[in-house]
Amino acid sequence: WLQYIKFCQNMNQPNMLSKVFGRVLSIHPKQVGLWIMASKFEFETQKDVSGARSILQQGIRSNPNSPKLWLEYFRMELLYVDKLIKRREMLGLDIEEEPSGEVMQYKLPIIVFEHAVKSQPNDVEFRLKFLDISILFEKTENLELHIYKSVEKDFSDTGYYWDALANKIWRRGPTQLSISDIKHLETQSEDVYRQGMDKLQLNSFQLSILWSKYLDWHLLRLEQWEKCNNIEFQNSLDRLKAIFIEACDAGFLSEHHSLLIINKIIKCGLINDALSLLTIISKHFSKSLSIWKLRLQLEGPLSSTETVQTMCRNAILNIDPKFSTEIWLHWINTLILRSEYILVEQVFKECIETGHESCRDTVILQYLEWTYMKNGINKLRQVYKSLQIFKPLSCSIYMKYIGFEKIQNNPVMPKIWLAFNEALSVYGHCNIDLWLDYITIKIHSGCLCDVGSIYWRAIKSVDSHLVAEFTQRYALLDTINTLDLD
């Protein structure tokens, strides 16, 4: 249907498109996006506001609890009035004296808003979205005041209301303000936020919402000062750090805002400040992987090896073991960069022996690679042999080891075949690539007499639904190798 609609649009067939919308909406009346698309077509292409209004009303009857349809209906009515006002201003007509003066005063959007409120009377965020739409248009101050009063009447005990009230002075303020004027407006907003916090002291849930909005507001103000004034930017940053600590002490600082604010401070080059804040919040978010990663990233390079090891152990003990892989790898890579090779070996073994099983494969793969690059194939073989007590190993571990054996100047084929057989004993029933790789290396090593027996082993071993695919790919492999031999 969407392709059909797009085709009609590209072919400039508005009459056909009207019929298409009629058909598709009768079949899919619950698809909110189609109702909005059809109303926009009537309003913007057909210039038929009555048709657009009728479509949205039908859509709302079919989907009475759809916020998107109510918001679109409200936006369309505002757009219609805005166009009428601008047209009459161009003609020099007095809006108040026109018969349609009530329309010009945004009576229709108010009616839409009131009906939308009745459909969802308990959703404050939904109600505030009408405010976000109304400020996009000129001369809607009375409409905005009506929305504010509606929110105040029903939601004065919510953090959303106090946040909207604190930001009210910024919505319609002049764009060009002196620094002193901006600071005065900021003080007014601060006062509103603090007043809201006092009012919501007994409602911890709504108070947490208001604190979240308050921190968002301070981050926004910081970004605005960053664009225009270095001194006030520094002052704003100092206020943000103080509020960060206050929110943390009050128990209303979320992990999300912690990371946002600390990353902003890091971006400003204030590493020591970021570290001090991280130390404060680490107690509150001891189970947060993101907080520990950031702390290790900042504090690790400045700390001794012993301190880094202690931090990594504490992180692993506190976070969910299933998500500890990144900490183990950070620990290992830090020791590698510091050339602490004895400790590297110890940490690899500690992770493999005591770490969560979700970490093991990733760490073993890095262990094999590091061992080969640092100590060569003989040491790698010893490590691989020691890993056998942790069977079953993953297929990727077997293939990693086999890959290192294959790239030797004089590969020891029995070791490669043994590794393949160990892998096939575990994964031979479900991994036909493993069988084909084994057959390929047998062919390339000149052991053609073994290929037939491996093929029949595979046929007996693989799951029944994979047999046909295996035989087809084997036939293709056999053909390619025959051509190569010719």
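For clarity, every value in this text was computed on a predicted model and none was experimentally measured.

A. The overall build of the protein, seen in detail. Helices and strands together make up the secondary structure of the protein, namely 26 helices and zero strands. Here the C-alpha atoms of the protein give a radius of gyration of 34 Å, more than 25% beyond the 23 Å that 2.2 N^0.38 yields for 486 residues. Expressed along its principal axes, the backbone C-alpha trace of the protein runs to roughly 100 × 65 × 40 Å. Put simply, of all contacts in the protein between residues at least 6 apart along the chain, 59% involve residues at least 24 apart. About 26100 Å² of surface is accessible on the protein, with carbon and sulfur atoms providing 53% of the total. Charge separation in the protein, taken as the distance between the mean sites of 55 positive and 58 negative side-chain charges, equals 3 Å.

B. Representation of the nonpolar core. Ranked by size, the top nonpolar core spans 85 residues in total, and within it Trp-70, Phe-74, Phe-130, Ile-147, Trp-211, Ile-262 and Ile-281 carry the most contacts. Setting aside its immediate chain neighbours within four residues, Phe-130 contacts Trp-70, Leu-71, Phe-74, Phe-113, Ala-116 and Ile-147. Ile-327, Cys-359, Tyr-401 and Val-462 belong to the second-largest nonpolar core, a separate cluster that totals 66 residues.

C. The arrangement of the packing of helix H21 (residues 377–386) against helix H22 (residues 395–406) in detail. Here H21 crosses H22 at 155°, and the two axes come no closer than 11 Å. One finds that H21 runs roughly antiparallel with respect to H22. For the element pair H21 and H22, the recorded crossing hand is left-handed. Packed against H21, whose contacting residues are Ile-377, Leu-380, Arg-381 and Tyr-384, the element H22 presents Tyr-398, Tyr-401, Phe-404 and Glu-405 at the interface. For the contact of H21 with H22, the class distribution of residues is six nonpolar, no polar and two charged.

D. Seen up close, the side chain of Ser-39. Mapped onto the elements of the fold, Ser-39 is located in helix H3 (residues 32–45). A polar side-chain atom of Ser-39 sits 2.8 Å from the main-chain carbonyl oxygen of Ile-36. In contact with Ser-39, other than residues within four places in its own chain, are Ala-52, Ile-55, Leu-56 and Glu-72.

E. Helix H17 (residues 305–318), seen in detail. Between the first and last C-alpha of H17 there are 20 Å, a value that for 14 residues agrees with the 20 Å anticipated at 1.5 Å per step. Along H17, the residues classified as buried are Thr-305, Val-308, Gln-309, Met-311, Cys-312, Ala-315 and Ile-316. Around the axis of H17, the buried residues are gathered within 165° of arc, so they sit on the same side. Those residues of H17 that are exposed and angled more than 90 degrees off the buried face are Glu-306 and Leu-317.

F. Representation of the state of the cysteines in the model. Per the stated rule, a full pass over the model turns up zero disulfides. Take Cys-312: it sits in no disulfide, and the sulfur closest to it among the cysteines is that of Cys-351, at 11 Å. With no disulfide of its own, Cys-395 lies 7.9 Å from the sulfur of Cys-430, the closest cysteine sulfur. Overall, Cys-395 belongs to the buried group, its relative accessible area being 17%.

G. Seen up close, helix H4 (residues 49–62). End to end, H4 covers 20 Å across 14 residues, agreeing with the expected 20 Å (1.5 Å per residue, within 8%). Turning to H4, its buried residues are Val-49, Gly-51, Ala-52, Arg-53, Ile-55, Leu-56, Gly-59 and Ile-60. Where H4 begins, the side chain of Asp-48 points an oxygen toward the backbone nitrogen of Ser-50, at a separation of 3.3 Å.

H. Highlighting unusual backbone geometry. A cis geometry characterises the amide bond from Lys-391 onward to Pro-392, with omega recorded as 0°. Following the sequence through the fold, Pro-392 ends up in the loop between H21 and H22. You will see that Lys-139, though not glycine, has its phi angle at about 60°, which is positive. Tracing the backbone shows Lys-139 in the loop between helix H8 (124–134) and helix H9 (141–155). Relative accessible area serves as the criterion here: at 44%, Lys-139 is assigned to the partly exposed category. In this structure, Ser-339 takes a positive phi of about 60° despite not being glycine. If you trace the backbone, Ser-339 turns up in the loop between helix H18 (325–337) and helix H19 (341–354).

I. Molecular detail of the pattern of salt bridges. Evaluation of the coordinates by the stated rule reveals 19 salt bridges. Between Lys-293 and Glu-326 there is a salt bridge whose closest N-O contact spans 2.7 Å. You can see Lys-293 sitting in helix H16 (residues 289–299) and its partner Glu-326 sitting in helix H18, a full 33 residues away along the chain. Here the residues in one salt-bridge network are Glu-186, Arg-221 and Arg-239, joined through shared partners.

J. Quick look at the packing of aromatic side chains. Applying the stated criterion to the full structure yields 20 aromatic pairs. Ring centres of Phe-348 and Trp-370 lie 5.8 Å apart, and the angle between their planes is 40°; this geometry places the pair in the tilted category. Highlighted residues: Phe-348 in helix H19 and Trp-370 in helix H20 (residues 357–375), separated in sequence by 22 residues. The interplanar angle of 40° and the centroid separation of 4.5 Å between the aromatic rings of Tyr-455 and Tyr-474 together place this pair among those described as tilted. On the criterion of sequence distance, the pair formed by Tyr-455 in helix H25 (residues 451–461) and Tyr-474 in helix H26 (residues 467–485) is long-range, its members being 19 residues apart. When its relative accessible area of 16% is taken as the criterion, Tyr-474 is described as buried. Through pairs of rings, three or more aromatic residues link up here, namely Tyr-193, Trp-211, Tyr-214, Trp-217 and Phe-252. Taking the ring centre of Tyr-148 as reference, the NZ or CZ of Lys-168 above it sits at 4.7 Å.

K. Fine view of the environment of Glu-232. Within the element layout of this structure, Glu-232 appears in helix H13 (residues 230–250). Non-local contacts of Glu-232, meaning those with residues more than four positions away in its chain, are made with Ile-179, Lys-183 and Trp-225.

L. Molecular detail of the packing of helix H10 (residues 159–171) against helix H11 (residues 179–199). The interhelical angle for the contact between H10 and H11, taken along N-to-C directions, is 170°, at an axis separation of 9 Å. It follows that H10 is roughly antiparallel to H11 by the angle criterion. Considering how the two elements wind past one another, H10 and H11 form a crossing that is right-handed. Seen from H10, the contacting residues are Trp-162, Asp-163, Leu-165, Ala-166, Asn-167, Ile-169 and Trp-170; seen from H11, they are Ile-182, Leu-185, Glu-186, Gln-188, Ser-189, Val-192, Tyr-193, Gln-195, Gly-196 and Lys-199.

Rules used throughout
Residues numbered from 1 in each chain as written. Predicted model: local features only at pLDDT ≥ 70, side-chain atom pairs only at ≥ 80, totals over all residues. Heavy atoms only, no water. Helix = DSSP H or I, 4+ residues; strand = E, 2+ residues; numbered from the N terminus. Rg over C-alpha atoms; globule rule 2.2 N^0.38 Å. Contact = heavy atoms within 4.5 Å. Areas by Shrake-Rupley, 256 points an atom, 1.4 Å probe, with all protein chains shown as cover. Lys, Arg positive; Asp, Glu negative; His and termini not counted. Charge placed at Lys NZ, Arg CZ, Asp CG, Glu CD. Core = buried A, V, L, I, M, F, W, Y, C linked by side-chain atoms within 4.5 Å. Buried < 20%, exposed > 50% of the residue type's maximum accessible area, 1.4 Å probe, protein only. Axes fitted to C-alpha atoms, helices over the stretch in contact; angles between N-to-C directions. Parallel < 35°, antiparallel > 145°, perpendicular 65-115°, else oblique. Left-handed = near helix turned anticlockwise from the far one by under 90°. Nonpolar A, V, L, I, M, F, W, Y, C, P; charged D, E, K, R; others polar. Polar contact = N/O pair within 3.5 Å; in protein donor to acceptor, adjacent residues only side chain to side chain. Expected span 1.5 Å × (residues − 1). Arc of directions from axis to C-beta. Disulfide = S-S within 2.5 Å. Salt bridge = Lys/Arg side-chain N within 4 Å of Asp/Glu carboxyl O. Phe/Tyr/Trp six-rings, centres within 6.5 Å; stacked < 30°, edge-to-face > 60°. Lys NZ or Arg CZ within 6 Å of the ring centre and 35° of its normal.

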